[in-house]
Amino acid sequence: MNQIHPLAVVDPEAKLGDNNVIGPFCVIDKNVELGDNNKLLNNVTLHFGARIGNGNEFFPGASISTKPQDLKFQGEETLCVIGDNNSIRENVTISRGTASRGKTVVGNNNLLMENMHIAHDCIIGNGCIIGNSTKIAGEVEVDDFAIISACCLFHQFIRVGSYIMFQGGSRTSQDIPPFIIAGKEPIRYAGVNLVGLRRRGFSNETIDAIHDAYRIIYAQPIMKDGVAEARAKYPDVKEVEYICSFIESSKRGVIR
């Protein structure tokens, strides 16, 4: 049974699961689907097109599935898909998709901190932490277990690899490859994310291979030559293959 505060507004066309708590002054629009065991504190808005999983907690002022801030948007029916067990803090805004991809996606077990923004058609993986006031532009992809600090800016269309640590107050218009620390000004490679990888249970042998792969790649003036050398040296290390394929598939180039 859902607990809906009498001061909340729930459109009769919205589809609600079970055991949700909906606080005062929350608004749930039509064409919204809410799973089970979610908690909406006061003043949360779920706009048209929101698809919410299970076990999420939304803090005051969160605004989910907002109209895209894209002048090309013509009112098409698109979605904002949120997975399970996310903590979405105060004043977080997440736009729904446009005709480009049709949906914005946030995975499972993410912590989205106060006042951060995810724009239209982004894809956010699982287990990510995104800091206060960080702004992510349209069609950005963030792979699993990325840690992004506060007040960061991400240009549209870039990709962020898994297990990275991104320095607070930084900005990027290029891709951030996996397993690294990205920092300094202007943003650049600042070493392998050793602490983060060890916390996530990566073996010393795997960490050494990742570190050596980046040494090889960044030592070459032409990055694709370094990629070929690293792949040849570590053909059976899936983390090195992930690095190589990430760099090869980059459309905006990767930081150095």
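Residues numbered from 1 in each chain as written. Predicted model: local features only at pLDDT ≥ 70, side-chain atom pairs only at ≥ 80, totals over all residues. Heavy atoms only, no water.

(A) Quick peek at the packing of helix α2 (residues 204-219) against helix α4 (residues 238-249). Between α2 and α4, whose axes approach to 9 Å, the crossing angle comes to 30°. Accordingly, the angle class assigned to the pair α2 and α4 is roughly parallel. Handedness of the crossing formed by α2 with α4: right-handed. Taking contact as the criterion, the partners of T206, A209, I210, A213, Y214 and I217 in α2 are, on α4, E239, V240, I243 and I247. (Axes fitted to C-alpha atoms, helices over the stretch in contact; angles between N-to-C directions. Helix = DSSP H or I, 4+ residues; strand = E, 2+ residues; numbered from the N terminus. Parallel < 35°, antiparallel > 145°, perpendicular 65-115°, else oblique. Left-handed = near helix turned anticlockwise from the far one by under 90°. Contact = heavy atoms within 4.5 Å.)

(B) Highlighting the pattern of salt bridges. Applying the stated criterion to the full structure yields eleven salt bridges. Of the charged contacts, one joins E33 and R51 as a salt bridge, the two residues approaching to 3.6 Å between their closest N and O atoms. Highlighted residues: E33 in strand β6 (residues 33-34) and R51 in strand β9 (residues 50-52), separated in sequence by 18 residues. By relative accessible area, which is 18% here, R51 ends up buried. Across the pair R101 and E141 runs a salt bridge whose closest N-O atoms are separated by 3.0 Å. With a gap of 40 residues between them, R101 in the loop between β14 (93-95) and β15 (103-106) and E141 in strand β21 (residues 141-142) connect regions that are remote in the sequence. Among the residues examined, R101 registers a relative accessible area of 32% and is labelled partly exposed. Assessed through its relative accessible area of 27%, E141 is described here as partly exposed. Connected via shared salt-bridge partners are D212, R215 and K233. (Salt bridge = Lys/Arg side-chain N within 4 Å of Asp/Glu carboxyl O. Buried < 20%, exposed > 50% of the residue type's maximum accessible area, 1.4 Å probe, protein only.)

(C) Representation of the nonpolar core within the structure. Of all hydrophobic cores here, the largest spans 68 residues; its most connected members are L46, I64, I88, I94, L112 and F166. Residue assignment for this core shows that the elements contributing at least two residues are β9, β12 (79-82), β27 (180-183), α2, α3 (223-233) and α4. For this core, the element with the most residues is α2, which contributes eight residues. If sequence neighbours within four positions are ignored, L46 has contacts with V27, I28, D29, V32, L34, L40, I52 and I64. (Core = buried A, V, L, I, M, F, W, Y, C linked by side-chain atoms within 4.5 Å.)

(D) Seen up close, α3. Residues of α3 that are buried include every one of M223, G226, V227 and A230, and no others. Projected down its long axis, α3 shows its buried positions confined to an angular sector of 105°, all on one face. More than 90 degrees from the buried face of α3, the exposed residues found are K224 and A232. Looking at the packing, one finds that the buried side of α3 touches α2 and α4. (Arc of directions from axis to C-beta.)

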